[in-house]
Amino acid sequence: VAHDFNNILTGITGNISMLKYTADEAKKEHYITTLENITDRARDLIRQMLAFTKRNEGKPEPVSLNKAISEVMDMCVKSIPKNVRIDSNASEKDYRVFIDHTHLIQVLLNLIVNAKDAICDSQNGRISISLNPVVIDKESRRQSLLGSVGRYVRIEVSDNGSGMRQDILPKIFDPFYTTKAPGKGTGLGLYISYDIVTNLSGTLRAENGASGGAVFT
């Protein structure tokens, strides 16, 4: 984490220095945009560290999944490369879940960023978010590893990236486990997402898609 913060600070100070010594307006705008992206990364890292250390339950309330997904997609505009398309069926019908709003946004952001990182820069990437209501009975409760029967919403975030090796899958939600290069990830995003969802009696699982890529449910 300290290494990650050092990389962020180096990026900030470097771009500020370049801003001070250039009169070119196009270059200035480029440096400012880069600074915005870097500070977004710093904010995300701080939020993850706070969630990791506090382990708070937040303030659960009925939250509209349509609004939450729309908010997350707006937030991702700057961080998702132009070669990646993100779509959702969230506008078809709205569902409400009992969760802390900030926690829900964090889980969705973590899953989308993870999907984005799995997509090669040269390919036409696709990230899809789907919502479907499900009724869990005794039989499906055992299969889905949920704590109780009742009405749930299944949220799937899928991508057409490289997928995951079989030896990685069992460790994907372990704290500080990451396959990314040093300074590119802390290994906390998926762990915190898993922690948030399971603390609310939900489940989070990862698998490779039938036609490639990965699916987080």
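From a predicted model like this one, the values you see are computed outputs, not experimental measurements. (Residues numbered from 1 in each chain as written. Predicted model: local features only at pLDDT ≥ 70, side-chain atom pairs only at ≥ 80, totals over all residues. Heavy atoms only, no water.)

K.L.:
Help me understand the overall build of the protein in this model?
P.N.:
Looking only at helices and strands, one finds six helices and seven strands in the protein. Helices and strands appear in the protein in the N-to-C order α-α-β-α-β-β-α-β-α-β-α-β-β. Counting all 217 residues of the protein, 39% fall into the buried class. Put simply, the protein shows about 12,800 Å² of open surface, and 53% of that area lies on carbon and sulfur atoms. (Helix = DSSP H or I, 4+ residues; strand = E, 2+ residues; numbered from the N terminus. Buried < 20%, exposed > 50% of the residue type's maximum accessible area, 1.4 Å probe, protein only. Areas by Shrake-Rupley, 256 points an atom, 1.4 Å probe, with all protein chains shown as cover.)

K.L.:
Could you clarify how one ought to interpret the packing of aromatic side chains in this entry?
P.N.:
How two aromatic rings sit relative to each other is set out by the distance from centre to centre and by the angle between their planes. On inspection of all chains with the given rule, the structure shows two aromatic pairs. Where F173 meets F216, the ring centres are 6.3 Å apart and the plane angle is 80°; that geometry is what we call edge-to-face. Taken together, the residues F173 in the loop between strand 5 (150-159) and helix 6 (189-199) and F216 in strand 7 (residues 214-216) connect sequence positions 43 residues apart. Ring-pair connections join several aromatic residues into one group, and the members of that group are F173, Y194 and F216. (Phe/Tyr/Trp six-rings, centres within 6.5 Å; stacked < 30°, edge-to-face > 60°.)

K.L.:
Which parts of the structure should I look at to understand the environment of I168?
P.N.:
For I168, the position within the fold is in the loop between strand 5 and helix 6. Since its relative accessible area comes to 8%, I168 is described here as buried. When the C-alpha atoms of I168 and T178 are compared, they prove to be 9.4 Å apart, with ten residues separating the residues in sequence.

K.L.:
Can you help me understand the packing of helix 3 (residues 65-75) against helix 4 (residues 101-118) in this one?
P.N.:
When two helices pack together, their arrangement is captured by the angle between the axes and the distance separating the axes. Contact geometry for helix 3 and helix 4: axes closest at 10 Å, N-to-C directions at 50°. Overall, the two elements helix 3 and helix 4 adopt an arrangement that is oblique. Every pair of crossing elements has a handedness; the one defined by helix 3 and helix 4 is right-handed. Residues L65, A68, I69, E71, V72 and M75 of helix 3 touch helix 4, and the partners they reach there are H101, L104, I105, L108, L109 and I112. Class assignment for the residues of the contact of helix 3 with helix 4 results in ten nonpolar, one polar and one charged. (Axes fitted to C-alpha atoms, helices over the stretch in contact; angles between N-to-C directions. Parallel < 35°, antiparallel > 145°, perpendicular 65-115°, else oblique. Left-handed = near helix turned anticlockwise from the far one by under 90°. Contact = heavy atoms within 4.5 Å. Nonpolar A, V, L, I, M, F, W, Y, C, P; charged D, E, K, R; others polar.)

K.L.:
Explain the pattern of salt bridges to me, please; I cannot follow it from the model alone.
P.N.:
Pairing between side chains of opposite charge can happen when the charged atoms of each approach one another. Overall, the coordinates contain four salt bridges when judged by the stated rule. The closest approach of N and O atoms between K28 and E25, which form a salt bridge, is 3.9 Å. With K28 and E25 both in helix 2 (residues 25-54) and three residues apart, this pair spans about one turn of that helix. We classify K28 as partly exposed; its relative accessible area is 26%. Judged by relative accessible area, which is 56%, E25 ranks as exposed. When the shortest N-O distance is used, the salt bridge between R165 and D167 registers 3.0 Å. (Salt bridge = Lys/Arg side-chain N within 4 Å of Asp/Glu carboxyl O.)

K.L.:
Would you mind going over the packing of helix 4 against helix 6 with me for this structure?
P.N.:
It is the contact of helix 4 with helix 6, at a shortest axis distance of 9 Å, that shows an interaxial angle of 140°. For helix 4 against helix 6, the interelement crossing comes out left-handed. Every residue of helix 6 that contacts helix 4 at H103, Q106, V107, N110, L111 and N114 is listed here: G189, L190, I192, S193, I196 and V197. Looking at side-chain class alone, the contact of helix 4 with helix 6 contains six nonpolar, six polar and no charged residues.

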